[in-house]
Structures are given as C-alpha cells and as structure tokens.
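# Observations on the model geometry
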Amino acid sequence: MKLVITEKPSVAQAVAKVIGAYKREDGYIEGSGYIVSWCVGHLVELAQPQDYDEKYEKWRFTDLPILPEEWKTVVSSATKKQYGVLKKLMHREDVEAVVNACDAGREGEAIFRMVYEKTGCKKPMLRLWVSSMEDTAIRAGFENLRPGSEYDRLYSAASCRNKADWLVGINGTRLFTTQYGKKLTVGRVQTPTLAMLVARKEQIDNFKKEAYYKVHILGDGYKLTVEEQMDNAAAKVLADKCNGKTAVITKAESIEKTTKPPKLYDLTTLQREANRYFGYTAKQTLDYTQKLYEAKLVTYPRTDSQYLTEDMERSTLTIVSALLSQMPFTVKVDFTPDIRHAVDNKKVSDHHAILPTLESTKTNIKGCSIEERSIYYLIAQRLICASADPMRYFERTVTAECEGTKFSAKGKTIIHNGWTAIEEAFSSLVIAKKKKDEEDEPMMIPKNAKEGKTISSVTSDVTEHFTSPPKPYTEDTLLSAMERAGNGEFDKDTEKKGLGTPATRASIIEKLVSAGYATRKGKQITASDDAANMIEILPEVITSPTLTAEWENKLLQMEKGIISEQEFMDSITELVKKLVSDYANVSDEAKSVFSEDGTAEQIGICPRCGNAVAERKLSYCCMAKGCDFVLWKDNKFMQSIGLNFTKKVAIALVSGGGYVAKNLTSKKTGNKYSAKITLAENGGKYPGYHMEFLQERKKGAER
C-alpha cells in the first residue's frame, strides 16, 4: 500500500481517479493499493518566538537577536484535524511508502517534507513530479516515481528560504519597532520591493516639468525633425534660418527587418500581461491559473521558464492546430505553425512554459468563470503567436541637411503582419483592451526618396513639448522590476532571479498592500508616507534589491549543490547580528521621523497593558512598545455583520462596556436584529469578538 499526499483536496480527487482509488473515508480516499490524502496548504509551520521561550511574548530590544539553535515547527491550529489524519495514515502498518504528490516545486516540497518530518515518518519517500494534471501526465508520473532523496537539495533551499525569512522578518520587525516606537514590518524580499516603490514615488513627487522645443521642416511631402531638443529661443532662430530655404537629402534607405514571435509565458510574464489586458493583480492571475491547472486545462503555473523541451515539440503543435480551429481570434489567420524557436532543453529546469493542455482543446471551457476563461484565452493566444510567422517590415530612414543642420524622419511599412495579426485580433475581443503606447508623429516620407534629392523652399515650424515624470508602478511594471532587480550587479551567466520567485512575488505585493505600505488605485501601486519614512531609516543591507537578489541566487545554487545549507544560513545569521548591533543606540533625533505618532488621537486605555490606544490610519492600536494590541479597521468580522468600524465603535469596545449595534441584517434569514458586541480575548495575537443577540436570538456566540 502506498500513501499519496497531495497539496489540495481537489488535486487528490484527480489523482485518486487516475490510479483507481474510489473508496471515500474521512480525510482520504482508498483503493487499488493506494491511499490518497492531502494537505490544506501549510499544515506545519515554523514556530513563533514565544514557542521557544515565553519571554518573547513581549517585544524587547534586549532579547534580540532571536536565533534558534534547533528549529521548531508547529501544527497550524486551523488544520489540526487533517494533520492528525496524515499522521495516522503515515504510521499505518500496511503503508509501505509515502508518495509526495504536492506541487512540483520548492513550495510543494516544503509543504510535504515539514509534515513528513513532524509526524516522525521513516518510511520510504517517493516523488511524483508532473507539469500537468491531465490523466496521461499523472499516469506517466506514477510509472516514473523518483526517490524522494533526489529532491533533498530542493527541500534544503525551501527550508533555508523559510528560515531566512523568519530570521530577517522576526528580528528586523522587532528591532525597528522597539527602537523607533512604531510597528515597522520588515521582510527579506518585501522591504527591497517597497524601497523600489518609495524611490519611484520620490522621483514623481520631486519631478519638475520642463519645456523643450523641436524644429521641423516640411516640403514636397516630407516632414523632417531635428534630433536635438532646444530651448525656445534657439528653436525659433533655427526655424527662421531654415524657413524658405532648400534642404538636400543626404541619406535615404529602406531596410527589411523582422520581429520574431514572442516567447511563451512563464508565471511572471503571464501576470504582467493579465494586469495589462484585464487589470488582474498578480495574486488573482496566479489563483485563476491554479484553478485552470487543477481543472486540467493548463500546465503547471509556477514556472520560471518560457521554453519547451525537444520531446514536447510534436505534441505542442497538435495543441496549436486544435486551438487554431477553436479560438475566435484566429479565424482569418493562415500560417504553418512552427514552435522550434521556443524549444531549448537547457532553459527548462523543473517546469516548461505555461501551455493549454491537449485535454482543454476537447473540453468546453464555458463552465469556467469569466476570469479563468480570460486567462485561458491569454495563454492560448500566446502559444499561437509563438508558433506563427515573424512580422516583416521595411524600416525607412531619411536624413536631410538644411542650413548646416540635419533633420530626419524614421518609420516603418508593414510587409507581413505575421504573429502581430493574432495579437491584434485578440486585443479587439478582450473585455479590457490592451492599451497601446502613444504613437509617434505620422511619418511623412515619399516612396521616391533618394540621396541627393532637393526639397525646395521648405517651411519650418516649432512645436512645444514637456518632460514627463516617471510613471507610477503598475502590477505589470513592478513585477518586471522585481524580476530584473540587481541584474546590472551580476555577471551575464549568473543564474539569479531578482527579488523573490515567480511563485512568491504576488504574495509579496499583497503583503505590502494589506500592511498599508502600498496602495492600489486602478492599476497603479504607490508607496504610502509610512513606507517612505520606514525606508529612510532602514539600512541598505535590508533595502537593497541587489543583496536580496544575491540571496535568491544562492538558493538556486543550493538546489544545484554548489553551496551548502550551512553556508547560506551563516550569512543570514551574521546579517541579523550586525543589524541588532548597528541599531543598539538610536537617537531621539533619528526617531523624530515618526514624530507624527505624538499627534495620534487617544481613544482609550489598552485592556492588555494599560497604556494609551490611539487611532491610526489603518487601525486602533496600543501605543506602547512591545504591546501588539490592535483592532484593524479593515476587519473581516465587522464586514461579515455589515457594521462600519467607526471610531465610536472602537471607543466602546476598548472601554470594555461594549457597543450595541442596531438594525443589523442576518445574511442567512434577511431579518433585522440587534446585538451587543464586546472584545473577547481568545489566546490569539489579536482579540476576538463576542456577540450577545438582543433581538430574535438570545443565545451568545463567540466570533
């Protein structure tokens, strides 16, 4: 009997069906010599500081740095039941081996291994490694199960990343919070990402618009422009000088060029394009694509490759041929698919580029949500484009001289649209059309342009232009910046992946937004004032994208066995020790960057420590160092009962007397009711809420 463990119940059901396990039990499925069970995300997590020592319940600078000698793990309180199921199954006498069928990547390896180790399981470990949830891929994977030991280095990298994030996050957050008297959340990847947002905001805020001028000459069907940007006076002098004079063409050429089809999607480029076309956040795109993957409609999404392996060429062309007859944006396209430029074994490590599955071409995807369909069509469009002809065009350039100054015009004439015809057809069909860049001024170059030709009696004019500030980041451009962070600091052959990984960048952006350090407005993402103040006081070692990208590169080297786990962890430990040492003494002057806290309005006394509770932008929280009492304004409980979490409500709750909410509406019955709401300490980090129903229902309930 083999125990197969997947990452999610939906995946377990798909796997069980393929291998013939149909008998449903509580928390698992059994049959045909297999038991199939599942995790529910991270069943086991790294322990918090207070799990090592109760003294860490309070945040004190004197307790830093916190450096566990032996790392502890804890079972997530929300998933204890399923953990118990897995532990019991792993120790069942008839289970001879355990198959790790979690997602084939660093994160999936960590989810499985932490459960395997926590349960004390010693049974042989096998690995299912597939890039598609299609039945054929799952069957092939089970026919080629690999020893779990082959993925030990992958787990080492995953484990080190988790521990590094813990060390930097826990120590950095407690260090800067206790020293500056304000909750400052620090992260190994999120802080450098935030630093980029802050830098862009400063560039925009400090930008001063400046005018510049361009001189043009027109005549005989030509419109040519001087390359130099001038001030107004100089531009008028040149225009007056050229007006009515003769210009002579010194260069006229037309060169045929091609634009190759685009690469296939990895996760980051898919997220960027989905944001550009549909406005989806990176997290939304990952979630929608993950659902498509679990529905067997696309291949594994958390990939960093835009290429295929040689053995996939024929099957991929079969998928393209099927899509060409199905997709509404390919009706008028006529070409012979060729995917060879996207085939490169050396550029595929764990997973190939994201593709529609062959099974998806035989399935009606109308049952998917509109968001999932949009992502599917986007992936299909990219595959078709990648297999289409290059775009061919003539690049035309004309340069003429007038009164000793060179004027020129450049443009292109399309010969064959190639893959761009598919992209344009797709753009015309999607809900939110992809915005084009501003077009250049219309090209005015007659077809008979040639060297030595004279343009007689030209007229001239001057146009005014203004310098533009940098654009705020969008999810698209921020993902690109994260991916490229530190590129200039590494050798060309360095195998680094910028800030974070394709699988983690979305969650980093969400953390910044949820913490109030970044705000979304439409597609734009901007840093908050709190973020700018925090980045100002943090050292470069924490804010530098280059250093964090270097850490990511070391994790990749660990996967390849180039560096050891100990070597990497020693470097992180030394970093943390130096941080604490460098910030042992922070002057009052340095702390003044957060002096606005002194003007925060007090609304009551903290029920935990007796200090002041004040209203902040995002919360009502205790002002005392080390006390983590906080009531978030963006509050799921308040939202669930339809109550606006105003200052009046917060004052009543903090006072201990409670708040009587009237005319609430039951989501189940639609009936109106009133309830008295009080705080309820439940042993968690944040207080809970107690409701005493005053109408319709009399029984109290903990929420």
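So, a few notes on the structure that sits alongside this text. This is a predicted model, so every value here is computed, not measured.

The subject of this paragraph is the overall build of the chain. Check the secondary structure of the chain and you find 22 helices and 27 strands. Counting only C-alpha atoms, the chain reaches 90 × 65 × 60 Å along its principal axes. Buried positions account for 50% of the 703 residues belonging to the chain. Restricting to contacts in the chain with at least 6 residues of sequence separation, those with at least 24 account for 71%. For the chain, the exposed surface amounts to about 34500 Å²; the carbon and sulfur share of it is 47%. In the chain, the 102 positive side-chain charges and the 96 negative ones have mean positions that sit 5 Å from each other.

Right, let's get into the nonpolar core. Ranked by internal contacts, the top residues of the largest apolar core, which has 81 residues, are Met-90, Phe-176, Leu-194, Leu-197 and Phe-568. Excluding residues within four positions of it along the chain, Phe-568 makes contact with Cys-160, Ala-164, Trp-551, Lys-554, Leu-555, Met-558 and Ile-563. Counting residues in hydrophobic clusters, the runner-up holds 66 residues, among them Tyr-277, Leu-297, Leu-378 and Cys-385.

The side chains of a regular strand alternate, residue by residue, between the two faces of the sheet. Residues Ser-619 and Cys-621 point to one face of strand S22 (residues 619–622) and Tyr-620 and Cys-622 to the other, with burial holding for every one of them. Of the strand pairs in this sheet, strand S21 (residues 612–615) and S22 are connected by three bridges, and their pairing is antiparallel. Its bridge partner lying in S22, Val-613 is registered against Cys-622. In textbook terms, the turn of a hairpin is the stretch between consecutive antiparallel strands, and for S21 and S22 this stretch comprises three residues. Inspection of the sheet shows S22 paired to strand S23 (residues 630–632) by three bridges, in the antiparallel sense.

Strand order in the open sheet made by the seven strands is S15-S12-S13-S14-S11-S10-S16, with antiparallel pairing throughout. Taken across any chain shown, the strands that pair with only one partner, and hence form the sheet edges, are strand S15 (454–455) and strand S16 (459–466). Summarising the sheet, strand S11 (residues 222–226) and strand S14 (residues 405–416) pair through two bridges and their orientation is antiparallel. Residue Val-226 lies in a different strand from S14, and its bridge partner there is Phe-407. Against the sheet, helix H8 (residues 232–242) makes contact with strand S10 (211–219), S11, strand S13 (391–402), S14 and S16, and its axis sits at roughly 10° relative to S10, the strand it touches most.

A complete count under the given rule lists 17 aromatic pairs for this structure. Geometrically, the ring pair formed by Tyr-280 and Tyr-288 is edge-to-face, given 5.2 Å between the ring centres and 75° between the ring planes. Each of the two residues, Tyr-280 as well as Tyr-288, counts as buried. Of the aromatic side chains, those joined through ring pairs into one cluster are Tyr-277, Phe-278, Tyr-280, Tyr-288, Phe-329 and Phe-426.

A cluster of nonpolar side chains, contributed by Leu-618, Trp-632 and Tyr-686, occupies part of the molecular surface with about 260 Å² of accessible area. Trp-632 sits in the partly exposed class, given a relative accessible area of 34%.

Next up on the list: the pattern of salt bridges. Tallying each qualifying case throughout the model produces 37 salt bridges. Of the charged contacts, one joins Arg-92 and Asp-94 as a salt bridge, the two residues approaching to 2.8 Å between their closest N and O atoms. Notably, a salt bridge pairs Asp-476 with Arg-272, separated by 2.6 Å at the nearest N-O pair. With Asp-476 in helix H14 (residues 475–484) and Arg-272 in helix H9 (residues 267–278), this pair connects stretches of sequence that are 204 residues apart. Ionic contacts of the salt-bridge type, sharing partners, join the residues Arg-106, Asp-165, Arg-188, Glu-552 and Glu-559 into one network.

Contact geometry of helix H12 (residues 370–386) with helix H13 (residues 419–427) gives a least axis separation of 9 Å together with a crossing angle of 165°. With respect to H13, the axis of H12 lies roughly antiparallel. Note on packing geometry: the crossing formed by H12 with H13 is right-handed. Contacts between H12 and H13 involve Tyr-377, Leu-378, Gln-381, Ile-384 and Cys-385 from the first element and Trp-419, Ile-422, Glu-423 and Phe-426 from the second. Each residue belonging to the contact of H12 with H13 can be placed in one class, and the counts come to seven nonpolar, one polar and one charged.

Its location among the elements puts Thr-316 in helix H11 (residues 313–324). Look at Thr-316 and you get buried, because its relative accessible area is 1%. In this structure Thr-316 touches Leu-308, Ile-339, Leu-355 and Leu-383, once residues within four positions along its chain are discounted.

Time to look at the environment of Leu-264. Inspection of the secondary structure puts Leu-264 in the loop between strand S12 (247–259) and H9. Since its relative accessible area comes to 1%, Leu-264 is described here as buried. Along the chain, Leu-264 and Glu-401 lie 137 residues apart, while their C-alpha atoms are 45 Å from each other. In contact with Leu-264, not counting residues within four places along its chain, are Thr-269, Gln-306, Leu-308, Ala-342, Ala-353, Leu-355, Arg-382, Leu-383 and Ala-386.

Here the focus is the pairing of strand S24 (residues 659–665). Relative to strand S25 (residues 672–680), S24 runs antiparallel, the two sharing five bridges. Along S25, the bridge assignment pairs Ala-661 with Ala-675. Counting the residues in the hairpin turn of S24 and S25 gives six residues, including Gly-670, whose phi is positive at 80°.

Looking now at the packing of H11 against H12. Interaxial distance between H11 and H12 falls to 10 Å at its minimum, and their mutual angle equals 115°. The orientation of H11 relative to H12 falls into the category roughly perpendicular. Both H11 and H12 take part in a crossing whose hand is left-handed. Contact with H11, carried on its side by Thr-316, Ile-319, Val-320, Leu-323 and Leu-324, involves Tyr-376, Ala-380, Leu-383 and Ile-384 of H12 and no other residues of that element. Across the contact of H11 with H12, the residue classes break down as eight nonpolar, one polar and no charged.

Looking now at the environment of Leu-154. Here Leu-154 lies in helix H6 (residues 152–180). The spatial distance from the C-alpha of Leu-154 to the C-alpha of Thr-225 is 57 Å, given a sequence separation of 71 residues. Non-local contacts of Leu-154, meaning those with residues more than four positions away in its chain, are made with Gly-105, Arg-106, Glu-109, Trp-129 and Glu-559.

When the terminal C-alpha atoms of helix H4 (residues 106–118) are compared, their 18 Å separation across 13 residues agrees well with the 18 Å that a helix rising 1.5 Å per residue should span. Looking at H4, one finds that the buried residues are Arg-106, Gly-108, Glu-109, Ala-110, Ile-111, Phe-112, Arg-113, Met-114, Val-115 and Tyr-116.

Further remarks concern helix H19 (residues 565–582). Spanning 18 residues, H19 covers 26 Å between terminal C-alpha atoms, matching the ideal 26 Å at 1.5 Å per step. For H19, every residue scored as buried is listed here: Phe-568, Met-569, Ile-572, Thr-573, Leu-575, Val-576, Leu-579 and Val-580. In a view along the axis of H19, the buried residues occupy a sector of 155°, so they form one face of it. Seen from the open side of H19, the exposed residues pointing more than 90 degrees away from its buried face are Gln-566, Lys-578 and Ser-581. Packed against the buried residues of H19 are H6, helix H17 (540–543) and helix H18 (545–559).

The rules behind each value
- Residues numbered from 1 in each chain as written.
- Predicted model: local features only at pLDDT ≥ 70, side-chain atom pairs only at ≥ 80, totals over all residues.
- Heavy atoms only, no water.
- Helix = DSSP H or I, 4+ residues; strand = E, 2+ residues; numbered from the N terminus.
- Buried < 20%, exposed > 50% of the residue type's maximum accessible area, 1.4 Å probe, protein only.
- Contact = heavy atoms within 4.5 Å.
- Areas by Shrake-Rupley, 256 points an atom, 1.4 Å probe, with all protein chains shown as cover.
- Lys, Arg positive; Asp, Glu negative; His and termini not counted.
- Charge placed at Lys NZ, Arg CZ, Asp CG, Glu CD.
- Core = buried A, V, L, I, M, F, W, Y, C linked by side-chain atoms within 4.5 Å.
- Pairing = 2+ DSSP bridges.
- Axes fitted to C-alpha atoms, helices over the stretch in contact; angles between N-to-C directions.
- Phe/Tyr/Trp six-rings, centres within 6.5 Å; stacked < 30°, edge-to-face > 60°.
- Patch = residues over 30% accessible without salt bridge, like charges linked within 9 Å, V, L, I, M, F, W, Y side chains within 5 Å.
- Salt bridge = Lys/Arg side-chain N within 4 Å of Asp/Glu carboxyl O.
- Parallel < 35°, antiparallel > 145°, perpendicular 65-115°, else oblique.
- Left-handed = near helix turned anticlockwise from the far one by under 90°.
- Nonpolar A, V, L, I, M, F, W, Y, C, P; charged D, E, K, R; others polar.
- Expected span 1.5 Å × (residues − 1).
- Arc of directions from axis to C-beta.

Functional significance is not addressed by these values, which are geometric in nature.
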